[in-house]
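# Coordinate analysis (summary)
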Amino acid sequence: KTPTRTVNVDFEQMRFGGFSTSNRERTQVAEEFRLVKRPLLLNAFQKGPNALRHGNMIMVASSRSGEGKTFCAVSLALSMASERDLTVLLIDADVAKPDVPRVLGFETDKGLVDVAADPSLDISDVMLKTNVENLTIVPAGRPHPHANELLASDRMGRIFDEMSERYPNRIIVIDSPPALMSSIGGVLALHVGQVLFVVEADRTSQSAVDQSLAL
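A brief structural summary. Counting starts from 1 at the beginning of each chain's written sequence and moves along it residue by residue. Given that the model is predicted, a residue must reach a pLDDT of at least 70 before its local features are reported, and side-chain atom pairs must reach 80 or more before they are shown or counted; all residues, however, enter totals for whole chains, interfaces and linings. The basis for the side-chain values is all heavy atoms of the structure; hydrogens and waters are excluded.

## Focus on the overall build of the protein chain
- Helix numbering and strand numbering both begin at the N terminus, where a helix is a DSSP run of H or I of at least 4 residues and a strand a DSSP run of E of at least 2. Of regular secondary structure, the protein chain possesses nine helices and seven strands.
- Radius of gyration here is computed from C-alpha atoms only, and the compact-globule reference equals 2.2 Å multiplied by the residue count raised to the power 0.38. Here the protein chain has a C-alpha radius of gyration of 16 Å; the compact-globule value for 215 residues is 17 Å, and the two agree.
- Along the three orthogonal principal directions, the C-alpha set of the protein chain runs to about 45 × 40 × 40 Å.
- The buried share of the protein chain, reckoned over its 215 residues, is 50%.
- Computed by Shrake-Rupley with a 1.4 Å probe, the accessible areas treat only the displayed protein chains as cover when residues are assessed. When the accessible area of the protein chain is evaluated, it comes to approximately 10900 Å², of which 52% is carbon and sulfur surface.
- The centroid of the 23 positive side-chain charges in the protein chain is displaced by 4 Å from the centroid of its 27 negative side-chain charges. The buried label applies to any residue whose accessible area, calculated with a 1.4 Å probe on protein chains only, is under 20% of its type's maximum; exposed applies above 50%, and partly exposed to all values in between. This count recognises Lys and Arg as positive and Asp and Glu as negative, with His and chain-terminal groups excluded. Charge positions come from single atoms, namely NZ of Lys, CZ of Arg, CG of Asp or CD of Glu.

This is the structure we're talking about:
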């Protein structure tokens, strides 16, 4: 199945928020994410005995909210979507505070939690095509009292595994909930091949980082 709906990313709003919105830009932010993505891409498509299981699935995490995690997840996804011969799926798994649609400037309805709660839904049913070439989004979905348990279910684990293996040229970037504020991050870490951990300079404590990485 192909994504059923197309949404428009609000580039003007994003530029106002400090994002780099074009691969042609030579801003400091754009250059920094070019540096960040290169080793991630090398790991994602490594072959042979050093190949990572689900190396194309990258979780973006932090200790607490407000550290710039979603900014980094969206920036990384946009930078990777500018690569040739590559498609990017950005998943908003921060179900308690889903910021991806707000940051990109569009509204959503169903998403990841709805797929976890309803066996009749396929993940492709909630995928949103965007006006950014090669970028598709899965929003977090509607609030659910048992969202954590649903995302930790065996069914959801199989869905994540299948998403990773379905397309060999797809990168999946997951905006995870803060590690010290939700158990979901620890569950997602079981399925991803790589973790990009965001630390806010001069604010995040060493103990918070140590605790989060242990989880």
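## With respect to the packing of helix H2 (residues 28–44) against helix H3 (residues 69–81)
- Between N-to-C directions, angles span 0 to 180 degrees; the directions come from axes that are lines fitted to C-alpha atoms, helices contributing only their stretch in contact. Where H2 contacts H3, the two axes come as close as 9 Å, and the packing angle between them is 75 degrees. Between H2 and H3, the angle falls in the class roughly perpendicular. Along its contact with H2, which presents Val29, Phe33, Arg34, Val36, Lys37, Leu40 and Leu41, the element H3 presents Phe71, Cys72, Ser75, Leu76, Ser79 and Met80.
- When the residues that make up the contact of H2 with H3 are grouped by side-chain class, the tally is nine nonpolar, two polar and two charged. When describing relative orientation, an angle under 35 degrees is termed roughly parallel and one over 145 degrees roughly antiparallel, while 65 to 115 degrees is termed roughly perpendicular and anything else oblique. Should any heavy atoms of two residues lie within 4.5 Å, those residues are counted as being in contact. Polar here means any residue outside two lists: the nonpolar Ala, Val, Leu, Ile, Met, Phe, Trp, Tyr, Cys and Pro, and the charged Asp, Glu, Lys and Arg; Gly therefore counts as polar.

## Considering the packing of aromatic side chains
- Between 30 and 60 degrees the pair is tilted, below 30 it is stacked and above 60 it is edge-to-face, where a pair is any two Phe, Tyr or Trp rings, Trp via its six-membered ring, whose centres lie within 6.5 Å. Enumeration according to the criterion identifies two aromatic pairs in this entry.
- A ring pair is formed by Phe19 and Phe71, whose centres lie 4.4 Å apart and whose planes are at 35 degrees; its orientation type is tilted. In this pair, Phe19 sits in the loop between helix H1 (11–16) and H2 while Phe71 sits in helix H3, placing the two residues 52 residues apart along the sequence.
- For the pair Phe33 and Phe71, a centre-to-centre distance of 6.4 Å together with 55 degrees between the ring planes defines the contact as tilted. Of this pair, Phe33 sits in helix H2 while Phe71 sits in helix H3, placing them 38 residues apart in sequence.
- For Phe33, a relative accessible area of 9% translates into the label buried.
- Overall, the relative accessible area of 28% leaves Phe71 in the partly exposed class.
- Linked through ring pairs, Phe19, Phe33 and Phe71 together constitute an aromatic cluster.

## What to know about the nonpolar core
- For our purposes a nonpolar core is just a set of buried Ala, Val, Leu, Ile, Met, Phe, Trp, Tyr and Cys residues, chained together by side-chain atoms within 4.5 Å. Ranked by size, the top nonpolar core spans 33 residues in total, and within it Val74, Leu76, Met80, Val88, Leu90, Ile171 and Val173 carry the most contacts.
- Elements represented by at least two residues in this core include exactly H2, strand S2 (57–62), H3, strand S3 (87–92), helix H4 (100–104), strand S5 (135–138), strand S6 (170–175) and strand S7 (194–198).
- Looking at this core, the element that brings in the most residues is H3, giving eight residues.
- When sequence neighbours within four positions are dropped, the list of residues in contact with Ile171 reads Leu41, Ala44, Phe45, Asn56, Ile58, Met80, Leu86, Thr87, Val88 and Leu89.
- Met57, Ala61, Leu121 and Ile172 belong to the second-largest nonpolar core, a separate cluster that totals 29 residues.

## Some words on the side chain of His54
- Its place among the elements puts His54 in the loop between H2 and S2.
- Setting aside residues up to four positions removed in sequence, His54 forms contacts with Asp161, Ser164, Glu165, His191, Val192, Gly193 and Gln194.

## Description of the side chain of Asp161
- With respect to the helices and strands, the residue Asp161 is situated in helix H7 (residues 154–166).
- In this view, Asp161 contacts Arg53, His54 and His191; residues no more than four positions away in its chain are not counted.

## Here's the deal with H2
- The span one expects for a helix is its residue count, reduced by one, times 1.5 Å. End to end, H2 covers 25 Å across 17 residues, agreeing with the expected 24 Å (1.5 Å per residue, within 8%).
- To get the bend at any residue, fit one axis to the seven residues that end at it and another to the seven that begin at it, then take the angle between the two axes. The sharpest bend along H2 measures roughly 25 degrees and falls at Lys37, with the proline Pro39 sitting one to four residues further on.
- For H2, the full list of buried residues reads Ala30, Phe33, Arg34, Lys37, Leu40, Leu41 and Ala44.

## Looking at the sheet that holds S3
- In this analysis, strands are considered paired if DSSP registers two or more bridges between them. With respect to topology, seven strands assemble into an open sheet ordered S1-S4-S5-S3-S6-S2-S7, the strand pairing being mixed. What marks the edges here is a single partner per strand, and that holds for strand S1 (5–7) and S7. For this sheet, the mean angle separating the axes of adjacent strands, direction not counted, is 25 degrees.
- Looking at chain direction, S2 and S7 are connected through five bridges and run parallel. Across the sheet, residue Met59 finds its bridge partner in S7, namely Val195.

Shape is all these values report; function is a separate question.
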